Number of protein chains: 4
Amino acid sequence: MGDISVSNGSGKISSPLNGYRKSCWYEEEIEENLRWCFALNSILHTGATPYQDIALLDTKPFGKALVIDGKLQSAETDEFIYHECLVHPSLLFHPSSPKAVFIMGGGEGSTAREILRHKTVEKVTMCDIDEEVVEFCRSHLLVNRNAFCDPRLELVINDARAELESRNACFDVIIGDLADPIEGGPCYKLYTKSFYECIVKPRLSQNGIFVTQAGPAGIFSHTEVFSCIYNTLKQIFKYVVPYSAHIPSFADTWGWVMASDSPFSLTAEDLDLRTKQRIKGENRYFDGKTFTSASTLSKAVRQSLSNETHVYTEGAARFIYGYGTANRHEQE
Amino acid sequence: MGDISVSNGSGKISSPLNGYRKSCWYEEEIEENLRWCFALNSILHTGATPYQDIALLDTKPFGKALVIDGKLQSAETDEFIYHECLVHPSLLFHPSSPKAVFIMGGGEGSTAREILRHKTVEKVTMCDIDEEVVEFCRSHLLVNRNAFCDPRLELVINDARAELESRNACFDVIIGDLADPIEGGPCYKLYTKSFYECIVKPRLSQNGIFVTQAGPAGIFSHTEVFSCIYNTLKQIFKYVVPYSAHIPSFADTWGWVMASDSPFSLTAEDLDLRTKQRIKGENRYFDGKTFTSASTLSKAVRQSLSNETHVYTEGAARFIYGYGTANRHEQE
Amino acid sequence: MGDISVSNGSGKISSPLNGYRKSCWYEEEIEENLRWCFALNSILHTGATPYQDIALLDTKPFGKALVIDGKLQSAETDEFIYHECLVHPSLLFHPSSPKAVFIMGGGEGSTAREILRHKTVEKVTMCDIDEEVVEFCRSHLLVNRNAFCDPRLELVINDARAELESRNACFDVIIGDLADPIEGGPCYKLYTKSFYECIVKPRLSQNGIFVTQAGPAGIFSHTEVFSCIYNTLKQIFKYVVPYSAHIPSFADTWGWVMASDSPFSLTAEDLDLRTKQRIKGENRYFDGKTFTSASTLSKAVRQSLSNETHVYTEGAARFIYGYGTANRHEQE
Amino acid sequence: MGDISVSNGSGKISSPLNGYRKSCWYEEEIEENLRWCFALNSILHTGATPYQDIALLDTKPFGKALVIDGKLQSAETDEFIYHECLVHPSLLFHPSSPKAVFIMGGGEGSTAREILRHKTVEKVTMCDIDEEVVEFCRSHLLVNRNAFCDPRLELVINDARAELESRNACFDVIIGDLADPIEGGPCYKLYTKSFYECIVKPRLSQNGIFVTQAGPAGIFSHTEVFSCIYNTLKQIFKYVVPYSAHIPSFADTWGWVMASDSPFSLTAEDLDLRTKQRIKGENRYFDGKTFTSASTLSKAVRQSLSNETHVYTEGAARFIYGYGTANRHEQE
């Protein structure tokens, strides 16, 4: 009988239709003038750590979504794009098989999960400053449960800069899975020329590769931080490869930059071969051709990147939306 | 240190401010062109019965909110207005002390709760068609827990019309706590002239009073169903008193109509005296002056009511928003 | 053929249905956690004066709407409620026929319009600080066109306090049509005890009446400023009458307070008689019974008002939502 | 003095801050559970043709936006991506210089504008069924004004299928700038195997190329229609090239499919050379490398396309979101 909801029910109003509209929504301001809204199934968890507010939402369009300080970090249905792109290129391009990998941030666990799929990897050091976020993700994100239990994973709760400074050993790959560089923001100092030069590069082993997430990389949004991160890394490393991919839940194309003093010279076929040899299981997003496409930027973005002159230093930052002019000024 | 959220955190973006915007919202279409949105703390429960969809939300502005089929039924912070207005006038105006009360609908339990505060009441028969809603409310709405356990409460799961027809005994007060009369909707037949004449009135004892919720009663919205319910009851009862009150969470003024063949002739002071004598505990909204105000309608509404000619019959309905023209046509 | 929209049209996507959803909306944050949204027909005008931002919107539910600094001021379909309630009680209660009326603020013109309907009124002095808002309303609000042209209207662009101080003549009625008293806000000083005592009262003629809009007066919201304005006026005037009415477009019940050293002692019938004698044309909202209802507050509001101890002085304010904690602190 | 809004103004509430929130929004349901919202400057125009509803909005994030039947068609700031991708590949890959081009749909004028930049083009036939949309765009979209006046443009108001059938001459390139193929929708029949085989292909000259917009092509959304359009064209043409690009205002990656019986065999460098030779002015998005990236699909999309078995015929359709289940059923 379907749409005959017969009720002399408990309320003032009752609809005879089940086609009523979705009524619970998650809403994010991508920019001041732009909103992106997901219908909600439920709010699984909310909490606050000393560093940030956290929420785990069950959204209709993108599954479970991790939200930190009001910004979507990761959504169940498409986080594989971000994490495969962040991890696999650097590990595959590494000429000898990478054994030791360092993650700056990464508390969600997905970056570690993808690294641990590489059979050659013997040790993953994940260094996140927020213990509660790590605990939250460990207990709520089932997909990363195995990663968190993997004996090859060393979890350190510390500031990534301090941790790297305190270490003597080198890493084959260092991965930046950090918040974007906002002046006055938590991670700004982990994107500067001096950090790359004095902290990161000395901790890379021979042929070592550094890769970092690099913020939005869309046709308009790439000028926010992507082009500057690229240009800053170019000051320090001989070979720098920017690449990008559209992530639906972010409502934008996202960017990463990979850098090394050894050249990146593999064909799509080489990448596919190494993928087969080195990675357990099947990638969902990344393969050789995908990387060809991702690392061939469109005309407008290529031009911006080659014209970029800004270099991140401790005294000169670029901003990304989300924090308000007021705030920036307060923190200056 | 407040607004310096230092994190080399687990995500792509992290805000240095805790002033980011509320991100989870409940949204209701009051009318096609009008929305009313509450920030959410959490979604406590969602479910579906054979008759309707139910949700219990924890909202920031109005506390816990019961939503049925996408329409707010009742919010923790102000449901007392609706339920005190629905219950107390009829029970207080009843000349001898009312002993037996029948509730059509009322599964939420709040109507029973208010009735059971009347010391003279010996039996409350609550007749709701949707057992699962009743169970849901019994287990989730703590404020009504005592009411559900009160030995004077008789809970019947049945169609209110069928139940009243099957009974021989009479009631001092019959209360309609039903969804609005939508043609083709679940409760339409419980607002018609013939229902009042043939089913309700015969089940009222000497000096008995009938009262029903009567939909929105705002300066514009009272023409949807309030004026018709009033006019329909006028065909059957000698004395009919419409009254209204603004309910913040409904974003409107709400209406009730009380009817009897005995006159309603108490002053505000009389009502206050009877309140003291008959009702346990303190009312939050209702007293004599409140009723004076509530039952003195504004010029525009008084005129509409006195000009109303429509009478609800099984073949001639009036509509309220929320169900779509398409739906109405399908059901014709 | 209705819903067969045959188009090999100009776009990527075209809907075969005309039932698609409303897509342009005006959204107001009533409180931080509460939004009120109107579907839009069009944005008729936007602009900025030295004092404030203005917009005139054509909304589907409430017609043309004047929005100042992101807050709805007045909507075509129901501004008559606000303006009839602000103007008619004071002018009708005035024992001899009021001739001279002073409006503090009122640039929209609707307050003047209602005053000018009183046949006994010889002069209306409207004193608004923002010339551009007055010009904007004069040219866009057709309903007030006659009022703006009435030879009895004297329009002064000035701060109301300075203007009243500079005057020697007295007024039969002084009307406050100002923004709410926000500490640090534009109008705060026009709601203080000393302002009422030293500026307003000396400019009232024998039996003169002062009335002011008094902010939201809902069951919860009346504690924001309504109860304090009431209590502050009680310090200065012998007779003080608070009253309220639900205004749909404001999503709340609104309040006004009327004060005098002469008693307010008319029945509903008296008010109706004077309305007939003194006012040209028909009121849409106000009459004697409406005022009985409006000035009989509900139990909860009556109790708050009689318990209120706060008095507005230049050093002690109460706040209303809409300006942000940050802002308040900046202004301290 | 900026943020000191001193006003004894015309309203009830006035904010001392100019940082109040954006209040007018355009809202689109990308999918049932996904909304995309742009702050509005103004609503420039709304209207209805016999075929569809039209609106021209001035949005803050994307400039002027053309909305048809509640769906964004084109936004000022990024329509160049869509239109350069639709037009330039086919015209550049054409071995001899294309002279005659036919546009199915395209009433907005932007497709014609891009074609007319090709110096070799002698005649563009634009065939749109909705004369009013064409007139609307001609008068409102200044950026296309020159294109509408170009003597090489022949504008025909007709159904594209009927028009092509009635013609004897052939075209070097035929471009489909139509709404997506929705069963029962306006354009469904212009995406079927039989239409391509019997209507389009016979009207292509030697080495002729057909290209069509092909709906969303994101990692999830490409299965809606993109993969089927690709597979349907593969049944009819020897060489078929699918490609895609992220369009920010669409909140998705978009797809196009190009098809011919002659091979597409140009390098990125060849394309750049031909661009210089044939196209007046500078492209903003398209160049050789951009096409390399756009036509190298990611792993997941490539696999879906190669596994696709569905072929559009008049009796078997695939759907895209936006029209409601109810509607689909009605039209079956």
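Residues numbered from 1 in each chain as written. Chains lettered and ligands numbered in written order. Predicted model: local features only at pLDDT ≥ 70, side-chain atom pairs only at ≥ 80, totals over all residues. Heavy atoms only, no water.

### Description of the overall build of chain A
Counted only if it meets this: Each helix is a run of H or I in the DSSP string that is no shorter than four residues. Each strand is a run of E no shorter than two, and both are numbered from the N terminus. Partly exposed residues are those whose accessible area sits between 20% and 50% of the maximum for their type, while under 20% is buried and over 50% is exposed, using a 1.4 Å probe and protein chains only. Any two residues whose heavy atoms approach within 4.5 Å at even a single point are treated as in contact.
Scanning chain A for helices and strands turns up 11 helices and 12 strands. Taken over 332 residues, chain A has a buried fraction of 65%. The contacts in chain A between residues at least 6 apart in sequence include a share of 66% that link residues at least 24 apart.

### So, the pattern of salt bridges
As a reminder of what qualifies: One speaks of a salt bridge when a side-chain nitrogen belonging to Lys or Arg is within 4 Å of a carboxyl oxygen belonging to Asp or Glu.
In the structure shown here, the tally under the stated rule is 60 salt bridges over all chains. Of the charged contacts in the structure, one is a salt bridge between arginine 113 of chain A and glutamate 79 of chain A, with a shortest N-O distance of 2.7 Å. With arginine 113 of chain A in helix α2 (residues 110-116) and glutamate 79 of chain A in helix α1 (residues 79-93), this pair connects stretches of sequence that are 34 residues apart. Glutamate 79 of chain A matches arginine 113 of chain A in its accessibility class, with the two residues each being buried. Arginine 117 of chain A is paired through a salt bridge with glutamate 114 of chain A; the nearest N and O atoms lie 2.7 Å apart. We classify arginine 117 of chain A as buried; its relative accessible area is 15%. Within this structure, Glu27, Glu29 and Arg35 of chain A together with Glu27, Glu29 and Arg35 of chain C form a network of salt bridges that share partners.

### Overview of the sheet that holds strand β12 (residues 252-260) of chain A
Residues and elements named next belong to chain A. For clarity, the cut-off: Strand pairing follows a simple DSSP-based rule, namely that at least 2 bridges must link the two strands. Every axis in this analysis is a line fitted to C-alpha atoms, fitted for helices over the stretch in contact. Angles between the N-to-C directions lie between 0 and 180 degrees.
Strand order across the open sheet formed by 7 strands is β8-β7-β6-β9-β10-β12-β11, with mixed pairing between neighbours. Each edge of the sheet is formed by a strand with only one pairing partner; in this case those strands are β8 (153-157) and β11 (239-247). Along the sheet, successive strands turn relative to each other by an average axial angle of 15°, direction set aside. As judged from the 9 bridges shared by β11 and β12, these two strands associate in the antiparallel manner. If you follow alanine 245 over to β12, its bridge partner there is tryptophan 254.

### Examining the confidence of the model for chain A
All names here are of chain A. Note the threshold: pLDDT: the predictor's confidence for each residue, scored from 0 to 100.
For chain A, per-residue confidence averages 89 on the pLDDT scale, and 89% of positions sit at 70 or higher. Per-residue pLDDT stays below 50 along residues 1-19; that stretch engages in 82 contacts with residues further than four places along the chain or on separate chains. The model gives residues 321-332 a pLDDT under 50, and that stretch makes 25 contacts with residues more than four places away or in other chains.

### Description of helix α7 (residues 226-234) of chain B
Residues and elements named next belong to chain B. By the criterion of burial, α7 is predominantly enclosed, with 8 of the 9 residues buried. For α7, the full list of buried residues reads Phe226, Ser227, Cys228, Ile229, Tyr230, Asn231, Thr232 and Leu233. Of the surrounding secondary structure, the elements contacted by the buried residues of α7 are α6 (193-200), β10 (204-216), β11 (239-247), β12 (252-260) and α10 (299-307).

### Overview of the UniProt feature "active site" (unreviewed entry) in chain A
Residue and element names in this part refer to chain A. Filter applied, for reference: UniProt positions are given in the numbering used here, feature names are shortened, and annotations may be inferred rather than shown by experiment. Polar contact is the term for a pair of N or O atoms within 3.5 Å; when the atoms are in protein, one must be able to donate a hydrogen and the other to accept it, and sequence-neighboring residues count only if both atoms are side-chain atoms.
The positions UniProt marks with the feature "active site" (unreviewed entry) are Asp177. In this structure, aspartate 177 sits in strand β9 (residues 171-177). With a relative accessible area of 1%, aspartate 177 lands in the buried category. A distance of 2.7 Å separates a polar atom in the side chain of aspartate 177 from a polar atom in the side chain of tyrosine 82.

### Considerations on the side chain of glutamine 52 of chain C
All names here are of chain C. Looking at the element boundaries, glutamine 52 is found in the loop between β2 (34-48) and β3 (53-59). The exposure class of glutamine 52 is buried, given its relative accessible area of 3%. In this structure the side chain of glutamine 52 is engaged in a polar contact, spanning 2.9 Å, whose partner is the side chain of aspartate 130.

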